[in-house]
Protein chains: 2
Amino acid sequence: MNLQEGKEKFISTWGTVGSNWGINRTMAQVHALLLISNDPLSAEEIMEELQISRGNANMNIRALIDWGLVYKGHKPGERKEFFTAEKDMGEVIKKVIVQRKKKELEPMIKTLDEISAVEGLCKDSEAFCKVVHDIKLFSTKADKTLDQLIRSDSNWFLSTFLKMIK
Amino acid sequence: MNLQEGKEKFISTWGTVGSNWGINRTMAQVHALLLISNDPLSAEEIMEELQISRGNANMNIRALIDWGLVYKGHKPGERKEFFTAEKDMGEVIKKVIVQRKKKELEPMIKTLDEISAVEGLCKDSEAFCKVVHDIKLFSTKADKTLDQLIRSDSNWFLSTFLKMIK
DNA sequence: TTATAATTTCAAAAACTAATGAAAGTTAAT
DNA sequence: ATTAACTTTCATTAGTTTTTGAAATTATAA
């Protein structure tokens, strides 16, 4: 495997990882391409490199910017936009967590709260009551932990892992 | 919202949560139904309750058993199989992690190792070399942490969260 | 062993998700 | 104000994943 092949493999792998984390394959590949690119790239260059259409490139660059994983920039004398990726992996993970928490965890907690409010829940179905309670407990804890994480500095991961493994 | 509506809402919510975690919607709904059911259910009852086909029910029950989230059982005098869900949420999460780790993290680490082996990686592309290195570091750490977690007892979550938040 | 109840398989259909590309909309330099 | 470079939108098309249901297989009771 040479450098070029390595880059291609990386882009494709990051695409797979992303799609397992609720980030569409192309979105993750655009991010990967920008991650390993020394200089900012234009939409045109991204299209060319990944062999994707203009619309597709635009949509996914946009989504990456929304997630805070990619930044928009300009080069002096050039009219078009140039894009760079967030390269600090701690930040990348934090930003993914922010999105997933918002999209998944928060709505789930809200629903569990609504269900818990059902009259006579525990009286009428013990199993149901217990499951709802357990999941609520766990997800509330997860929610609080993730909040801490999001607020923490970039070295958080390292230190937490050490704490966890210790 | 009454008990019946609550149960339906729970099944549908758990389906959504699951599909965000690489578990197909129906598979998660079958799990949810078994979670909140006081007694073991037969395939027939699951089909009826969730309004799904025999094939679909079978496939997803099978997958849940493979993941260790559902257990197969028998009732005396009955020929058909009855199913129960793993109800300990700590165990549920552990089992999901085992699957996702195997499917995602391990192949990624393998690929990153292959890429790292590329001759002159760091000499020829600094950005690429750094990114690969960073992700490798992080994912190896995650891998080890998850191994610890999988081996740990069910109260691990509680204690770890307390450690994290402290 | 035979009949039959239950489970499994899998090709085809349906449902869902992502990508294309042409047209519409913006923006900025002249 | 006009034009040309660039970006965004979105209806259509392509690709992927899930579900169905009927047929094949397996297991049990008589």
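Refer to the structure above for everything that follows.
Because the structure is predicted, anything quoted here is derived from the model rather than measured.

Peer 1: Looking at this structure, I do not really get the packing of helix α7 (residues 126–151) of chain A against helix α1 (residues 3–19) of chain B. What am I missing?
Peer 2: In a packed pair of helices, the relevant descriptors are the angle between the two axes and the axis-to-axis distance. Contact geometry of α7(A) with α1(B) gives a least axis separation of 12 Å together with a crossing angle of 45°. As judged from the angle between their axes, α7(A) and α1(B) are oblique. The element α7(A) and its partner α1(B) pack so that their crossing is left-handed. Side by side, α7(A) and α1(B) meet where A:F128, A:V131, A:V132 and A:I135 of the first sit next to B:L3, B:G6, B:K7, B:F10 and B:W14 of the second.

Peer 1: What am I meant to see in the relation of the copies chain B and chain A here?
Peer 2: Both copies of the chain are related by one operation, a rotation about an axis with a shift along it. Taken as rigid bodies, chain B and chain A are interconverted by a rotation of 180° and an axial shift of 0.0 Å, the fit giving an RMSD of 0.0 Å. Expressed as an axis order, the relation between the two copies is that of a two-fold axis. Both copies share a contact surface, since 100% of the interface residues of chain B are interface residues in chain A too.

Peer 1: What am I meant to see in the side chain of A:Q99 here?
Peer 2: Of note, A:Q99 is situated in helix α5 (residues 89–116). Here A:Q99 is in contact with A:D66 and A:W67, once residues within four sequence places are set aside.

Peer 1: Please explain the protein's contact with DNA strand C as it appears in this structure.
Peer 2: Among the 14 residues in the neighbourhood of DNA strand C, the closest are listed as A:T26, A:R79, B:N58, B:R62 and B:R79. One nitrogen or oxygen atom from the main chain of A:S53 is found 2.8 Å from a phosphate oxygen belonging to DNA strand C. B:E81 is positioned such that a nitrogen or oxygen atom in its backbone is 3.0 Å from a phosphate oxygen of DNA strand C. Residue assignment for the surface near DNA strand C shows that the elements contributing at least two residues are α4 (54–67) of chain A together with α4 (54–67) of chain B. Per-element accounting of the surface near DNA strand C gives the leading share, four residues, to α4(B). The residue inventory of the surface near DNA strand C, partitioned by class, reads one nonpolar, seven polar and six charged.

Peer 1: How should the interface of chain B and chain A be read in this particular structure?
Peer 2: For interface size, the figure often reported is the accessible area lost on association. The interface of chain B with chain A comprises 52 residues on the first partner and 52 residues on the second. Carbon and sulfur atoms supply 75% of the area buried between chain B and chain A, which totals about 4700 Å² over both sides. Counting every contact that joins chain B to chain A gives two salt bridges. Between B:E114 and A:K9 there is a salt bridge, and its shortest N-O distance comes to 2.9 Å. The interface formed by chain B and chain A contains eight residue pairs in polar contact (both at pLDDT 80 or more). Counting residues per element, the ones that place at least two in the side of chain B that touches chain A are α1, α5 (89–116), α6 (121–124), α7 (126–151) and α8 (156–165) of chain B. When residues in the side of chain B that touches chain A are grouped by element, the largest group, twelve residues, is from α7(B). When the residues that make up the side of chain B that touches chain A are grouped by side-chain class, the tally is 28 nonpolar, eleven polar and 13 charged.

Conventions and cut-offs
- Residues numbered from 1 in each chain as written.
- Chains lettered and ligands numbered in written order.
- Predicted model: local features only at pLDDT ≥ 70, side-chain atom pairs only at ≥ 80, totals over all residues.
- Heavy atoms only, no water.
- Axes fitted to C-alpha atoms, helices over the stretch in contact; angles between N-to-C directions.
- Helix = DSSP H or I, 4+ residues; strand = E, 2+ residues; numbered from the N terminus.
- Parallel < 35°, antiparallel > 145°, perpendicular 65-115°, else oblique.
- Left-handed = near helix turned anticlockwise from the far one by under 90°.
- Contact = heavy atoms within 4.5 Å.
- Least-squares fit on C-alpha atoms with pLDDT ≥ 70 in both.
- Near = heavy atom within 4 Å.
- Polar contact = N/O pair within 3.5 Å; in protein donor to acceptor, adjacent residues only side chain to side chain.
- Nonpolar A, V, L, I, M, F, W, Y, C, P; charged D, E, K, R; others polar.
- Buried area = accessible area lost by both parts, 1.4 Å probe.
- Salt bridge = Lys/Arg side-chain N within 4 Å of Asp/Glu carboxyl O.

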